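# Summary of the model geometry
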There are 2 protein chains.
Amino acid sequence: MEENKQKQKNKPSELRQDIVTGDWVVIATGRAKRPEDFAVHKSEGIEEDSGKKCFFCYPEETGQEKDTLIYQTSDGDWSLRVIPNKFPAFTRPSGKAIKHQEEGPYFWMESIGYHEIIITRDHRKQIAQMDKYTVAEVIDAYQERYLDLMNKKSVNYIEIFHNHGKEAGASISHPHSQLVAIPVISPYIKSELDGAEKYWRGNKHCVYCAMAEWEAEKKTRVIFENDEFIAFCPFASRAAFEVWVMPKKHKPYFERTSVNSRIKLAETLQISIRKIYKALDNPPYNFYIHTAPCDGKDYPHYHWHIEILPRTSIWAGFELSTGVEVSTIIPEEAAGFLKDQ
Amino acid sequence: MEENKQKQKNKPSELRQDIVTGDWVVIATGRAKRPEDFAVHKSEGIEEDSGKKCFFCYPEETGQEKDTLIYQTSDGDWSLRVIPNKFPAFTRPSGKAIKHQEEGPYFWMESIGYHEIIITRDHRKQIAQMDKYTVAEVIDAYQERYLDLMNKKSVNYIEIFHNHGKEAGASISHPHSQLVAIPVISPYIKSELDGAEKYWRGNKHCVYCAMAEWEAEKKTRVIFENDEFIAFCPFASRAAFEVWVMPKKHKPYFERTSVNSRIKLAETLQISIRKIYKALDNPPYNFYIHTAPCDGKDYPHYHWHIEILPRTSIWAGFELSTGVEVSTIIPEEAAGFLKDQ
C-alpha cells in the first residue's frame, strides 16, 4: 500500500491498453482519492451544495490559471470563457515524445493531452433555457478551441462533450462543457469510422446520409429540422429518448462548419434539448460531438454529428457485459412524444 | 402517437441493428412504460420499499409461471429457484425461424430468447454474507440452466449476470441473478474473441493465461487465489476496484467446470465480493460471466472468466462518447486495499 501510494504520488496519469481488445483506459491519478474515499455511502454532493463560492462564476479568484479563451461583452463583463481543467484526466505534453512502455505482457503510456472547460456566464441558465445565439457562441468556442488544438503534436482526436445533472456525471452545477484532446482514437469512433467506410464501399453512399435522408422522408422519428440540420431518435436507439443532431448534407469535419451553419446547428441542438427538458422534467443527460479524427489522415466517408443521451435508466449487468443495450420505449413513440413538446 | 402506442402493444420485443457499427440494441416493449413515466423526478423505488410482499420470497403467490428449476432442502423448503422473468427483454421462441426484416436502410428482427431469474432463499443475505457452499449452489444453477439452453434453436450466446444495489440496476432488493439466452453474439464478447484469437496467432499463447500467469507471479494486483482460480484487479481496469476471477488453467467453456472446481470458483467469487463489500461499504456492483458462445463453433483460444464491476462512479459524456474509461485509482493500490480486507 505505502509503496503504491508513494508510486502514485510521483506518477503522471497513464493510458493503459487492454491487451485483449486493444482498447485504452485512463488511470487519472491526478484526480486520485484515497481508497477509503471510494466508499459509496459518503455522499459527494455537487460543488454548489457545499456552500463554497462557485469557481466557474469567479475562476480568477480560485488560483485558476488564466483563461485559454474569453468572450467579452460590450459592458466589460464576459459571456463565455474557456479554462484549463484543474483536475485534468490528461497531463499537458512536455514536448518529449510519448513512448509505449511495457510491464510483462502489458502496454501503457503517459496520458498526455489537453483538458479544457467551456463555461457560460449564467450560473443557473442551462442550454434548455438559453436562446440560440448563446448556444451558437458555445459552438463557436468549441470550434475555436478545436482549430487551435487539432494540429498539435500528440493530438489525434478531440472529444467535446457536455454533462448535465449529477446522475450524468456533472460534479459542478454551473453549466459547462468539456474538451479533451488525446493521442488515441477511441474505440467507439474507430468502430464508426470502420462502419462508415465499409458501408460506403458496399453502397457507394454515406451511411449517415442514408439515415438522414430516410428519416427526413419518413418523419416518424424526426423531432426537429431546419434546412441544414435534422434531429431524430435513431432507429436503433441505445437509450430511451436518445436524439441525434446531424448535418443533412455530407460533412465529415465539424471544424469546417461555417458561421451561418453554426447558428442553424445551435437552433437544432437547443430545441432538441429543450424538448427533452420538457418531456422528461429536466432529466440528466450527456451530449457529445462525434467528428473525424485530426490525426493527419482524411476521412471522406465519415459524417460528423451530435449524440444526445438522456439518462433515464441505469446500465446494469446485461448492458455492461454485452454492450447490447436495452431500451424500453420504441424510438417512433419517443419521437412522437418529443415532437409534441 | 396513438398509432404508435397501438403498434407498440401488439409488437414483440425487437432487436434493431446499428447500421454503422453492426451492433444490436434491444427494444424491449414488453416492459414498456408510457412516455410520461420516464420523467426522472418520479422516484421509482425498489420493490421492497413499496410495502408489497416480496414476490421472490413467494413466487408461487404472484401468478408467476412455475419454476424452471428448484433446489429443495431436506425439510421440504427450497434453497434456490429459477423462474422465467415476468417482464422479459426477450420473448420466448415460437418455433418459427427468426428472419431479418428491413425498414429502408435499417435491419431488425424479433427479439427472441430466454430470460430467467436465479433466486436464493434468504431475502436479506447477499453474496458477501453467504458461505461458499450457498454460492456454489448458485453457480450449479447457472451451469444447469446453461446446459439446458445452450443447444436450443436461436440461442447463440448465454449471458449470466448479477446486479447488486439500485445504482447497479437491481430493481428488486431480494438477491438474484439473471440469465439471458440470445440469438446474437454481443459486441463485447465478439471483440474479446477476436482479440484472444489475434493474440494466440501472434504469441502461440492465450492472452488470458498470459495475464493470469503474470499476475500470479507479480502478486501486486492479486486479491485472492486458490489452486484453481485467481482474483485480481486488471492492469487496465475500466472501473475503480474492478476485479476479474479467472481459472488459472486455460478453459474456454464455463459450462465444462467440474463440481469440485465450482466450489473453488464459489470460494474465489465469494471472497472477492466480500472484500469489495468491506472495502467500499456495501457498494452497488455488477458481475457477469464471459464465456465462449454456444453457436455450434469451437473457441479454443478463448478463456472464460468473471468480471466484477463496483459502481463507485458515474460514466459521463467522455466515457459514453469514446468508450475510453477513466479510473481514478491505480489498480495496484486498489488491489492492495482489497487484499487487506
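All figures in this text were calculated on a predicted structure; none of them were measured in a lab.

Criteria and thresholds
Residues numbered from 1 in each chain as written. Chains lettered and ligands numbered in written order. Predicted model: local features only at pLDDT ≥ 70, side-chain atom pairs only at ≥ 80, totals over all residues. Heavy atoms only, no water. Helix = DSSP H or I, 4+ residues; strand = E, 2+ residues; numbered from the N terminus. Rg over C-alpha atoms; globule rule 2.2 N^0.38 Å. Buried < 20%, exposed > 50% of the residue type's maximum accessible area, 1.4 Å probe, protein only. Contact = heavy atoms within 4.5 Å. Areas by Shrake-Rupley, 256 points an atom, 1.4 Å probe, with all protein chains shown as cover. Lys, Arg positive; Asp, Glu negative; His and termini not counted. Charge placed at Lys NZ, Arg CZ, Asp CG, Glu CD. Least-squares fit on C-alpha atoms with pLDDT ≥ 70 in both. Polar contact = N/O pair within 3.5 Å; in protein donor to acceptor, adjacent residues only side chain to side chain. Pairing = 2+ DSSP bridges. Salt bridge = Lys/Arg side-chain N within 4 Å of Asp/Glu carboxyl O. Axes fitted to C-alpha atoms, helices over the stretch in contact; angles between N-to-C directions. pLDDT = per-residue confidence, 0-100. Left-handed = near helix turned anticlockwise from the far one by under 90°. Nonpolar A, V, L, I, M, F, W, Y, C, P; charged D, E, K, R; others polar. Buried area = accessible area lost by both parts, 1.4 Å probe. Parallel < 35°, antiparallel > 145°, perpendicular 65-115°, else oblique. Expected span 1.5 Å × (residues − 1). Phe/Tyr/Trp six-rings, centres within 6.5 Å; stacked < 30°, edge-to-face > 60°.

### Quick notes on the overall build of chain A
A tally of regular secondary structure across chain A gives seven helices and 15 strands. Relative to the compact-globule value of 20 Å for 341 residues, chain A shows a C-alpha radius of gyration of 21 Å, a close match. C-alpha atoms of chain A, sized along the principal axes, occupy 60 × 50 × 40 Å. Looking at the 341 residues of chain A, the share that counts as buried comes to 58%. Sequence-distant contacts in chain A: of pairs separated by 6 or more residues, those separated by 24 or more amount to 68%. Of the roughly 13900 Å² of accessible surface on chain A, 50% is carried by carbon and sulfur atoms. Distance between charge centroids for chain A: 2 Å, based on 45 positive and 50 negative side chains.

### Things to note about the relation of the copies chain B and chain A
Overlaying chain B on chain A yields an RMSD of 0.0 Å, the required transformation being a rotation through 180° with an accompanying axial translation of 0.0 Å. Both chain copies can therefore be described as sitting about a two-fold axis.

### As for the side chain of glutamate 14 of chain B
Residues and elements named next belong to chain B. For glutamate 14, the location among the structural elements is in strand β1 (residues 14-17). Owing to a relative accessible area of 2%, glutamate 14 belongs among the buried residues under this scheme. Among the polar contacts made by the side chain of glutamate 14, one reaches the side chain of arginine 16 at a distance of 2.5 Å. Not counting chain neighbours up to four residues away, the residues in contact with glutamate 14 comprise Val25, Val26, Ile27, Trp108, Met109 and Ser111.

### Focus on the pairing of strand β2 (residues 24-27) of chain A
On β2 of chain A, burial covers both faces: Trp24 and Val26 of chain A on one face and Val25 and Ile27 of chain A on the other are all buried. When strand β1 (residues 14-17) of chain A meets β2 of chain A, the two strands line up antiparallel, connected through four bridges. Bridged to glutamate 14 of chain A within β2 of chain A is isoleucine 27 of chain A. The antiparallel pairing of β1 of chain A with β2 of chain A creates a hairpin that spans six residues between the two strands, and glycine 22 of chain A there sits at a positive phi of about 85°. Bridging between β2 of chain A and strand β15 (residues 325-327) of chain B involves three bridges; their strand directions are parallel. For valine 25 of chain A, the partnering residue across the bridge sits in β15 of chain B and is glutamate 325 of chain B.

### Remarks on the pattern of salt bridges
What the rule picks out here adds up to 38 salt bridges over all chains. A salt bridge links arginine 145 of chain A to aspartate 148 of chain A; its shortest N-O distance comes to 2.9 Å. On the criterion of helical spacing, the pair formed by arginine 145 of chain A and aspartate 148 of chain A is a turn pair, its members being three residues apart in helix α2 (residues 132-149). Salt-bridge contacts for arginine 121 of chain B lead to aspartate 77 of chain B; the nearest nitrogen and oxygen are separated by 3.1 Å. Taken together, the positions of arginine 121 of chain B in the loop between β7 (114-120) and α2 (132-149) and aspartate 77 of chain B in the loop between β3 (69-72) and β4 (78-84) put the pair 44 residues apart, joining distant regions of the chain. In this structure arginine 121 of chain B comes out as partly exposed when scored by relative accessible area, which is 29%. We classify aspartate 77 of chain B as partly exposed; its relative accessible area is 30%. In this structure, a network of salt bridges that share partners links the residues Glu14, Arg16 and Glu103 of chain A together with Glu215, Lys218, Arg221 and Glu332 of chain B.

### Brief notes about the sheet that holds strand β13 (residues 285-290) of chain A
Residues and elements named next belong to chain A. The 10 strands lie next to each other as β3-β4-β7-β9-β8-β13-β14-β12-β11-β10, forming an open sheet whose pairing is antiparallel. The open sheet has two edge strands with one neighbour each: β3 (69-72) and β10 (222-225). Sheet twist, expressed as the mean angle between neighbouring strand axes with direction ignored, is 15°. When strand β8 (residues 157-164) meets strand β9 (residues 176-182), the two strands line up antiparallel, connected through six bridges. Of the residues in β9, the one forming a bridge with phenylalanine 161 is glutamine 178.

### Considerations on the confidence of the model for chain A
Residue and element names in this part refer to chain A. Averaged over every residue, the pLDDT of chain A is 88; the share at 70 or more is 91%. Here residues 42-49 is a poorly scored stretch, pLDDT under 50, and it has 17 contacts once near neighbours within four places are set aside; other chains count. Note on the complex model: pTM 0.90, ipTM 0.87.

### Observations concerning the packing of α2 of chain A against helix α5 (residues 259-279) of chain A
All names here are of chain A. Direction vectors running N to C along α2 and α5 enclose 115°, while the axes themselves pass 8 Å from each other. Considering only the axes of α2 and α5, their crossing is right-handed. Where α2 abuts α5, its residues Lys132, Tyr133, Val135, Ala136, Ile139, Asp140 and Gln143 lie against Arg262, Ile263, Leu265, Ala266, Glu267, Leu269 and Gln270. Tallied by class, residues from the contact of α2 with α5 come to eight nonpolar, two polar and four charged.

### Here we look at the interface of chain B and chain A
Taken residue by residue, the interface counts 99 residues in chain B and 100 residues in chain A. When chain B packs against chain A, close to 8500 Å² is buried across both sides, 68% of that on carbon and sulfur atoms. Together, Val20, Phe235 and Leu320 of chain B form the three largest contributors to the area buried by chain B at its contact with chain A, with a combined 9%. Across the chain B-chain A interface, the total number found is six salt bridges. Glutamate 103 of chain B is paired through a salt bridge with lysine 218 of chain A; the nearest N and O atoms lie 4.0 Å apart. Put simply, chain B and chain A have 29 residue pairs in polar contact (both at pLDDT 80 or more) between them.

### Quick word on the sheet that holds β4 of chain B
Residue and element names in this part refer to chain B. Ordered in space as β3-β4-β7-β9-β8-β13-β14-β12-β11-β10, the 10 strands form an open sheet in which the pairing is antiparallel. Both edges of this open sheet fall to β3 and β10 (222-225), since each of them pairs with a single strand only. Sheet twist, expressed as the mean angle between neighbouring strand axes with direction ignored, is 15°.

### Observations concerning the packing of helix α5 (residues 259-279) of chain B against helix α7 (residues 331-339) of chain B
Residue and element names in this part refer to chain B. Direction vectors running N to C along α5 and α7 enclose 95°, while the axes themselves pass 9 Å from each other. In terms of their interaxial angle, α5 and α7 are classed as roughly perpendicular. Residues Lys275, Ile276 and Ala279 of α5 lie in contact with α7, whose contacting residues are Phe337, Leu338 and Lys339.

### Quick look at helix α4 (residues 207-218) of chain B
A rise of 1.5 Å per residue sets the reference length of α4 of chain B, with its 12 residues, at 16 Å; its end C-alpha atoms lie 16 Å apart and thus fit the reference within 8%. All of the buried residues in α4 of chain B are Val207, Tyr208, Cys209, Ala210, Met211, Ala212 and Glu215 of chain B. The inward-facing, buried residues of α4 of chain B abut β6 (106-110) of chain A together with α3 (187-203), β10, β11 (229-232), β12 (243-247) and β14 (305-310) of chain B. Looking one or two residues beyond α4 of chain B, the residue adopting positive phi is lysine 219 of chain B, at roughly 70°.

### Some thoughts on α5 of chain A
Three- or four-residue spacings in an α-helix give side chains the same orientation, since the helix completes a turn every 3.6 residues. Here α5 of chain A contains 21 residues, and its C-alpha end-to-end distance of 30 Å stays within 8% of the 30 Å for a straight helix at 1.5 Å per residue. Two residues or fewer after α5 of chain A comes aspartate 281 of chain A, characterised by a positive phi angle close to 60°.

### Thoughts on the packing of aromatic side chains
Taken as a whole and assessed by the stated rule, the structure comprises 21 aromatic pairs over all chains. Between phenylalanine 161 of chain A and phenylalanine 318 of chain B the ring centres are 5.9 Å apart and the planes differ by 50°, which places this aromatic pair in the tilted class. Of the two residues, phenylalanine 161 of chain A sits in strand β8 while phenylalanine 318 of chain B sits in helix α6 (residues 317-322), which places them in two different chains. Assigned by exposure class, phenylalanine 161 of chain A and phenylalanine 318 of chain B land together as buried.

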